[in-house]
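# Coordinate analysis (summary)
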Amino acid sequence: MNPSHLILLIVGLFVGVLCTLLTLNIVGAGKRYPVAVMTVLDANLDRLREDLLAERCDASRSMARLTRLQATSREIEPAFASLEAQSASFRELRLGFIRELDAAGANPAADCVTLNTQATAISQSCEACHVEYR
Ligand code: HEC
């Protein structure tokens, strides 16, 4: 093989690998924000469930959990901007989820039965969106 062809081949391979890595990085960066929001929601719902299991169900504790869930729920809109723009049903599911959290926040559970009802309702509205969009 002509040595200059070999050099061209190596340069070509190198550029190809570089472009692939750049593309993967761009695609990955686009997913990081939505996945981060969902991971934080998941962690906070887990903590609510841990409180239930340990029967720690006082109102100030419930409120602290709910406040974090509420704050994170407001990140769904910017994190899923393209779904928001494409789908009225996604927006509706997000608003339903926020309504569920606000209802619980307006009446923070002071006992485990109420906390259980609220946690179940919240997790059902997570699922309602996941069934269609996850
Ligand atoms: C309005 C829609 C919507 C709501 C409400 C919602 N999610 Fe999600 N969730 C999604 C979508 C869409 C994905 C897929 C994200 C992706 O892979 O880019 C997802 C993915 C996830 C993931 C997987 C993340 C990963 O590692 O890839 C977890 C965990 C999760 N959601 C937890 C929750 C929890 C917990 C709640 C409620 C407290 C919730 N979600 C509420 C839409 C929603």
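A word on the site of the ligand. If you check the shell around the ligand, you find 20 residues, and the closest are M38, R94, F97, C126 and C129. Every element with two or more residues in the shell around the ligand is listed here: α1 (3-53), α5 (88-106) and α6 (112-133). Of the residues forming the shell around the ligand, the biggest block, 8 residues, is contributed by α1. Considering only residue class, the shell around the ligand consists of 13 nonpolar, 3 polar and 4 charged.

Residue-level pLDDT values for the protein average 93, and 97% of them are 70 or greater. Mean pLDDT per element in the protein: α1 is the minimum at 87, and helix α3 (residues 76-79) is the maximum at 98.

Bringing the packing of helix α2 (residues 59-73) against α5 into the picture now. It is at 10 Å that the axes of α2 and α5 come closest, and there the two elements cross at 155°. In terms of orientation, α2 lies roughly antiparallel with respect to α5. Between α2 and α5 the crossing geometry is left-handed. Together, L66, L69, Q70 and S73 of α2 and F97, I98, L101, D102, A104 and G105 of α5 make up the contact between the two elements. Residue composition of the contact of α2 with α5, by class: 6 nonpolar, 3 polar and 1 charged.

Before going further, it helps to examine the environment of A36. Inspection of the secondary structure assignment puts A36 in helix α1. For A36, a count of 13 C-beta atoms within 10 Å gives the class partly exposed. In sequence terms A36 and A104 are 68 residues apart; their C-alpha atoms lie 23 Å from each other.

Along the polypeptide, E75 turns up in the loop between α2 and α3. Spatially, the C-alpha atom of E75 lies 16 Å from that of S125, the residues being 50 residues apart in sequence.

What follows deals with the packing of α5 against α6. For the pair α5 and α6, the least separation of the axes is 9 Å and the interaxial angle reads 170°. Comparing their axes, α6 and α5 come out roughly antiparallel. Residues S89, F90, L93, G96, F97, E100, L101 and A104 of α5 lie in contact with α6, whose contacting residues are Q118, A121, I122, S125, C126, A128, C129, E132 and Y133. Of the residues in the contact of α5 with α6, the class split is 11 nonpolar, 4 polar and 2 charged.

Moving on to the nonpolar core. L41, L48, L66, L69, L93, F97, L101, A104, A109, L115, A119 and I122 form the largest nonpolar core, which has 12 residues in total. Only α1, α2, α5 and α6 provide two or more residues apiece to this core. Ignoring any residue separated from it by four or fewer positions in sequence, one finds L48 in contact with R65 and A119.

Another point: unusual backbone geometry. For E55, which is not a glycine, the phi torsion comes out positive at approximately 55°. For E55, the location among the structural elements is in the loop between α1 and α2.

Taking 1.5 Å per residue, 22 residues should reach 32 Å; α6 reaches 31 Å between its end C-alpha atoms and fits that length. When α6 is considered as a whole, its buried residues turn out to be L115, Q118, A119 and I122. The buried side chains of α6 occupy one side of the element, clustering within an arc of 100° when seen end-on. Turned more than 90 degrees away from the buried face of α6 sit V113, T117, T120, Q124, E127, V131 and E132, all of them exposed.

About the thresholds
- Residues numbered from 1 in each chain as written.
- Predicted model: local features only at pLDDT ≥ 70, side-chain atom pairs only at ≥ 80, totals over all residues.
- Near = placed C-beta within 6 Å.
- Helix = DSSP H or I, 4+ residues; strand = E, 2+ residues; numbered from the N terminus.
- Nonpolar A, V, L, I, M, F, W, Y, C, P; charged D, E, K, R; others polar.
- pLDDT = per-residue confidence, 0-100.
- Axes fitted to C-alpha atoms, helices over the stretch in contact; angles between N-to-C directions.
- Parallel < 35°, antiparallel > 145°, perpendicular 65-115°, else oblique.
- Left-handed = near helix turned anticlockwise from the far one by under 90°.
- Contact = placed C-beta atoms within 7 Å.
- Buried ≥ 20, exposed ≤ 12 C-beta atoms within 10 Å, placed from the backbone.
- Core = buried A, V, L, I, M, F, W, Y, C linked by C-beta atoms within 7 Å.
- Expected span 1.5 Å × (residues − 1).
- Arc of directions from axis to C-beta.

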